[in-house]
Amino acid sequence: MSQYYRVPRNRNLYDPASSEPFRLSRSKIDLFVSCPRCFYMDRRLGVGQPPGYPFSLNSAVDTLLKKEFDIHRAKGSRHPLMETYGIDAVPLAHEKIDEWRDSLRRGITKHIEGTNVIVTGGVDDVWVGEDGKYIIVDYKATSKDGEVTLDAAWQDGYKRQMEIYQWLFRQNGFDVSDTGYFVYCNGNTDRQAFDGKLEFDVKIIPYEGTTDWVEGVISEAVRCLNSETIPEPGEDCDFCAYRKAANVVEKRVEK
């Protein structure tokens, strides 16, 4: 049996009586938005959603993009994509850039006053405009026919991701542009042969972020963690719907 399913786990759990710092990641805040019950089960009770398979190809694209933009970061120059899209910015050269990009161990953080919660997030990149404002950048990879956009409902999570990063940087005293960018790589499948090489069409999509909601949602998430009552599931949570349906069937069979 996978180690993951030997539940409940006893690590990385929120304890209302503890004063030890508790790291609450950007992805777990998004989980709370999607389904408070799954969030509570995971962070408070140690029963997480089954993990998805790792997107190794997406990770490879992220790594290569970071290397590519790092070349221009070291030179203080604009990437050709910035030239193409008329973006007056360069990759930010900052002593903490590697720390901010380390989502698993470090990231950019903000302690929530009056609690032991530390909100964390790991950005893909930060650019700096001619006006000195920081620009949050996220890399995405896909393979689809047609134009890549941000119009799908499931991409709302991408937008929240961007906005939480913008909020975190502002909370750390940085002047952050409302406009962030998604560097979107779309795998090209219209070639006649694979030839051991996958080519991508790369597009930069601007997004105007709104961070007014972030602080309130974090406060709600903390209240949820401090509650002794398991919350209601999210309206569209497939995991909760499956658990409910399976429980009904099990009870029917056991009668």
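The structure this text deals with has already been given above.
Residues numbered from 1 in each chain as written. Predicted model: local features only at pLDDT ≥ 70, side-chain atom pairs only at ≥ 80, totals over all residues. Heavy atoms only, no water.

> Would you explain the sheet that holds strand 1 (residues 22-25) in this entry?
Strand order in this open sheet of 3 strands is 1-4-3, and the pairing throughout is mixed. Each end of this open sheet is capped by a strand with a single partner; those strands are strand 1 and strand 3 (108-111). The average undirected angle you get between the axes of adjacent strands in this sheet is 30°. Pairing of strand 3 with strand 4 (residues 117-121) involves 4 bridges; the strand directions are antiparallel. Across the sheet, lysine 110 pairs through a bridge with valine 119, a residue of strand 4. This element, helix 6 (residues 156-171), spans strand 3 and strand 4 of the sheet and lies at about 70° to strand 3. (Pairing = 2+ DSSP bridges. Helix = DSSP H or I, 4+ residues; strand = E, 2+ residues; numbered from the N terminus. Axes fitted to C-alpha atoms, helices over the stretch in contact; angles between N-to-C directions. Contact = heavy atoms within 4.5 Å.)

> Quick question: what am I supposed to make of the state of the cysteines here?
By definition, a disulfide links two cysteine residues through a covalent bond between their sulfur atoms. Here the structure, examined in full by the defined rule, presents 0 disulfides. Cysteine 240 carries a free sulfur, and the closest cysteine sulfur to it, the one in cysteine 35, is 3.5 Å from it. (Disulfide = S-S within 2.5 Å.)

> Could you clarify how one ought to interpret the pattern of salt bridges in this entry?
Charged atoms that come close allow side chains of opposite charge to pair. For the coordinates displayed, the defined rule picks out 16 salt bridges. Here aspartate 124 makes a salt bridge to lysine 66, at a shortest N to O gap of 3.9 Å. Remark: lysine 66 occurs in helix 3 (residues 56-75) and aspartate 124 occurs in the loop between strand 4 and strand 5 (125-129); sequence separation between them is 58 residues. Residue aspartate 124 is classed as buried on the basis of its relative accessible area of 9%. A salt bridge links aspartate 98 to arginine 101, with the nearest nitrogen and oxygen atoms 3.1 Å apart. By relative accessible area, aspartate 98 is classed as partly exposed at 46%. Taken together, the shared-partner salt bridges connect Asp70, Arg73, Asp98, Arg101 and Asp125 into one network. (Salt bridge = Lys/Arg side-chain N within 4 Å of Asp/Glu carboxyl O. Buried < 20%, exposed > 50% of the residue type's maximum accessible area, 1.4 Å probe, protein only.)

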